[in-house]
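Residue-level structure breakdown
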Amino acid sequence: MPFHIFNTLSRSVEEFSPQNPPEVTLYSCGPTVYLPQHLGNFRTFLNWDFLKRALKFDGYRVRQIMNITDVGHMTSDQDDGEDKIEKTARAEGKSPLEVANHYTELFLADWDRLGMERPELFSRATDHIAEMIALIGRIIDAGFAYVTKSGVYFDVERYRGENRFGRLSRQSLDEQHAANRLDHSRDKRSPHDFALWMLDQPHHILQWPTPWGPGYPGWHIECSAMAMKYLGETIDIHTGGMDHIPIHHENEIAQSESATRKPFARYFVHSAFLVGKEGAKISKSAGKFPLLSDLPGAGIDPLAFRLFCFGAKYRSELILSDEGLRAAQGNLDYFREFARNVPAEAAAPGAETPGGAETHYERFHDALDNDLNTPQALAVALDLVAESYRRQDFGGWPTLLTFDAVLGLQLGHYREMALGATISPEAQALIDERAEARRSRNFKRSDELRKQLETMGYEVKDNRDGATEYRPRRI
Ligand SMILES: [Zn+2]
């Protein structure tokens, strides 16, 4: 069965066919780095890690870009209020850059703890100002934006029509904006118009010169400019949280398509929320929200949270509960115990698989191809382990390891560590990459890889003679 996914554009599960197979271009809306990312944010990011791995399982090569918003995201998703980063900077007495760097580091550390593959690039908005200014120029030239004293605005009225605003959300502009108080105070032609570039904001710390005057970008234009720079004018898959549908993604489509006259993204895929027990969205505005760092104290491994999310369909709400997290921890322990129990001969390369494993493989594959049905895939993986115990036949281990390329529990690595073997193949690949990075004096990459290895449980010691020692810590 080919891969199928629910496309918000058509409101239906579609067979997936990328523009240039086996390449898949994937743009994922990333974090605004002004607070720690909470578990709800990470549920969304995890879903894209599952999506990417499932596509790779199908033989695709996935090129993923995720933005890091370090300027221009206002306290409302429209243009109102304060810039979130600058608000935190003022409150903490730091510069916007310090705030962004601090929360980006936290974000990346949690990212690695959750066993997520890093995208080809985390693109920072402030590194792409030139691309944003160029894109805004194109939109003005196409007649869909205008300049006033307070900003460069997208002209929503000019962009009305079939297949334009509301295509994604299937809502009228009034409906999309129903939850927000619209800002009539600025010199916009319509309250629905949104800022591509903010002008005349002398109190904003970050400012860049443009043909229209100094200022800073709006949040929506950042994603369009970075997606197009790295993935082309039409991307295969664009992902985000369901809260991005009505404003952020509608605006991204409008800006991009008015400039290029080409479809911006062929598949829009959206993740449902992680919710509290009472069904409320776990969000930053609700005050206290759980963080990944809250879990180890409760005896929950970060990878158990990963498995907890894997156990739910990406477009269904998931209730965060102690019972749910403990059950996921139980499943993680079950997989790990199996990994420890597999005898050496069953783990040797080329070991036979038992009769059942082939059908397990098919079922696992079908589940993923069926609109990324991860709970069903998880059930197949658990069943493979149960079946192995029943038959006292550990020949399913290599099959479980192929599943783990999507589950992402690092079970092969765990087994090596638990049995006290020296270095796992996964770690060796990172060690080789790090040696190469050090040779080419790419210290940023080498540092990233060191942190990744430490997260995996290795001690990394760079000696003065240029050699490096890697030692696993026993589990
Ligand atoms: Zn975005």
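Residues numbered from 1 in each chain as written. Predicted model: local features only at pLDDT ≥ 70, side-chain atom pairs only at ≥ 80, totals over all residues.

1. Some details on the sheet that holds strand β6 (residues 145–147)
The cut-off we apply is this: Strands were regarded as paired on the criterion that DSSP finds at least two bridges between them. A run of H or I in DSSP counts as a helix once it spans at least four residues, and a run of E counts as a strand once it spans at least two, with each numbered from the N terminus. All axes are obtained by fitting lines to C-alpha atoms, using only the stretch in contact for helices, and the reported angles, taken between N-to-C directions, cover 0 to 180 degrees.
Taking strand neighbours across the sheet as the criterion, the 4 strands line up as β6-β7-β8-β9 in an open arrangement whose pairing is antiparallel. Strands at the two margins of the open sheet, each flanked by one partner only, are β6 and β9 (215–217). Taking each pair of neighbouring strands and ignoring which way they run, the sheet shows an average axis angle of 20°. As paired elements, β6 and strand β7 (residues 151–154) share 3 bridges and run antiparallel to each other. Residue pairing across strands places Ala 145 opposite Phe 154, the latter belonging to β7.

2. Remarks on the nonpolar core
Stated precisely, the cut-off is as follows: Structurally, a nonpolar core is described as a collection of buried Ala, Val, Leu, Ile, Met, Phe, Trp, Tyr and Cys residues joined by way of C-beta atoms within 7 Å. Counting other C-beta atoms within 10 Å of a residue's own tells you its class, since 20 or more makes it buried, 12 or fewer makes it exposed, and anything in between is partly exposed; those C-beta atoms are placed from the backbone. Domain start and stop positions are those given by an automatic or database domain assignment. Here, residues touch in the contact sense if the C-beta positions derived from the backbone fall within 7 Å of one another.
Counting 111 residues, the largest nonpolar core has Ile 136, Phe 154, Leu 196 and Ala 381 as the members making the most contacts within it. Examining the composition of this core, we find that 9 residues originate from one element, helix α1 (residues 39–57), more than from any other. The residues that make up this core include at least three from each of domain 1 (20–275) and domain 2 (295–418). In this structure Ala 381 touches Phe 364, Leu 400, Phe 403 and Leu 407, once residues within four positions along its chain are discounted. Grouped together as the second largest cluster of nonpolar side chains are 5 residues, Leu 449, Leu 453, Met 456 and Tyr 458 included.

3. Description of the packing of helix α4 (residues 129–141) against helix α7 (residues 245–260)
Let me state the cut-off plainly: Angle categories: roughly parallel below 35 degrees, roughly antiparallel above 145, roughly perpendicular from 65 to 115, and oblique for all the rest. Helix crossings are classified by the rotation of the near helix relative to the far one: an anticlockwise turn of less than a right angle makes the crossing left-handed, while a clockwise turn makes it right-handed. In this count, Pro and Cys sit with the nonpolar residues alongside Ala, Val, Leu, Ile, Met, Phe, Trp and Tyr, while Asp, Glu, Lys and Arg are called charged and the others, Gly among them, polar.
Orientation of α4 relative to α7, taken along the N-to-C sense of each, is 65°, at an axis distance of 8 Å. Accordingly, the angle class assigned to the pair α4 and α7 is roughly perpendicular. Seen from above, α4 lies across α7 with left-handed handedness. Across the interface between the two elements, Leu 135, Arg 138 and Ile 139 of α4 pack against Gln 255, Ser 258 and Ala 259 of α7. Taken together, the residues that form the contact of α4 with α7 break down as 3 nonpolar, 2 polar and 1 charged.

4. With respect to the packing of helix α12 (residues 374–391) against helix α13 (residues 397–407)
Running from N to C, α12 and α13 cross one another at 155°; their axes reach a closest spacing of 11 Å. With respect to their mutual orientation, α12 and α13 come out roughly antiparallel. Between α12 and α13 lies a crossing whose hand is left-handed. Counting all contacts with α12, which are made through Ala 381, Leu 384 and Val 385, the residues of α13 involved are Thr 399, Leu 400, Phe 403 and Leu 407.

5. Some thoughts on the sheet that holds strand β3 (residues 23–28)
Here we have 5 strands laid out as an open sheet, ordered β5-β4-β3-β10-β11, and parallel in their pairing. Lying at the two open borders of the sheet, with one neighbouring strand each, are β5 (121–124) and β11 (265–271). Neighbour-to-neighbour, the strand axes of this sheet turn through a mean angle of 25°, independent of strand direction. Across 6 bridges, strand β10 (residues 235–241) lies against β11 in parallel orientation. From the neighbouring strand, Gly 241 faces β11, where its bridge partner is Ser 271. Where helix α6 (residues 219–231) meets the sheet, its contacts fall on β3, β4 (61–68), β5 and β10, and the angle it forms with β4 comes to roughly 150°.

6. Overview of the environment of Leu 39
Residue position: Leu 39 is located in helix α1. Judged by the 22 C-beta atoms lying within 10 Å of it, Leu 39 falls in the buried class. Put simply, Leu 39 and Gln 201 are 162 residues apart on the chain and 34 Å apart in space, counted from C-alpha to C-alpha.

7. Quick look at the domain arrangement of the protein chain
Segmenting the protein chain into domains produces domain 1 (20–275), domain 2 (295–418) and domain 3 (425–472). For domain 1 versus domain 3, the separation of C-alpha centres amounts to 34 Å.

8. Remarks on helix α15 (residues 425–439)
Inclusion rule: What a helix should span is 1.5 Å times the count of its residues minus one.
Here α15 contains 15 residues, and its C-alpha end-to-end distance of 21 Å stays within 8% of the 21 Å for a straight helix at 1.5 Å per residue. Positive phi appears at Arg 441, one or two residues downstream of α15, with a value of about 55°.

9. Observations regarding the pairing of β11
Threshold: By definition, the crossover connecting two strands over a helix is right-handed if that path, from the first strand to the second, turns clockwise as seen with the strands pointing away from the viewer.
Buried residues dominate β11, accounting for 6 of its 7 residues. With α7 bridging β10 and the parallel β11, this β-α-β connection has right-handed handedness.

10. Describing the environment of Val 147
Mapped onto the fold, Val 147 is located in strand β6. Between the alpha carbons of Val 147 and Arg 441 there is a distance of 45 Å; along the sequence they are 294 residues apart. When residues no more than four places from it in sequence are discounted, the contact partners of Val 147 are Val 152 and Trp 212.

11. What about the environment of Lys 56?
Note on placement: Lys 56 falls in helix α1. Taking the C-alpha atoms as reference, Lys 56 lies 9.4 Å from Pro 22; in sequence the two are 34 residues apart.

12. Digging into the pairing of strand β14 (residues 458–462)
Sheet topology places β14 next to strand β15 (residues 468–472); 5 bridges connect them, and they run antiparallel. Considered in β15, the bridge of Glu 459 is made with Arg 471. Between β14 and β15, which pair antiparallel one after the other, the connecting turn spans 5 residues, and Gly 466 there sits at a positive phi close to 95°.

13. What to know about unusual backbone geometry
Cis peptide bonds are those with omega within 30 degrees of zero, and the linkage from Pro 21 to Pro 22 qualifies with 5°. As for its placement among the helices and strands, Pro 22 is situated in the loop between β2 (12–15) and β3. Located in the positive-phi region is Gln 410, a residue other than glycine, with phi close to 55°. Turning to its location among the elements, Gln 410 is positioned in the loop between α13 and α14 (411–418). Assessed through the 20 C-beta atoms surrounding it within 10 Å, Gln 410 is described here as buried. Positive phi, close to 55°, is recorded for Arg 441, a residue that is not glycine. Note that Arg 441 resides in the loop between α15 and α16 (443–455).

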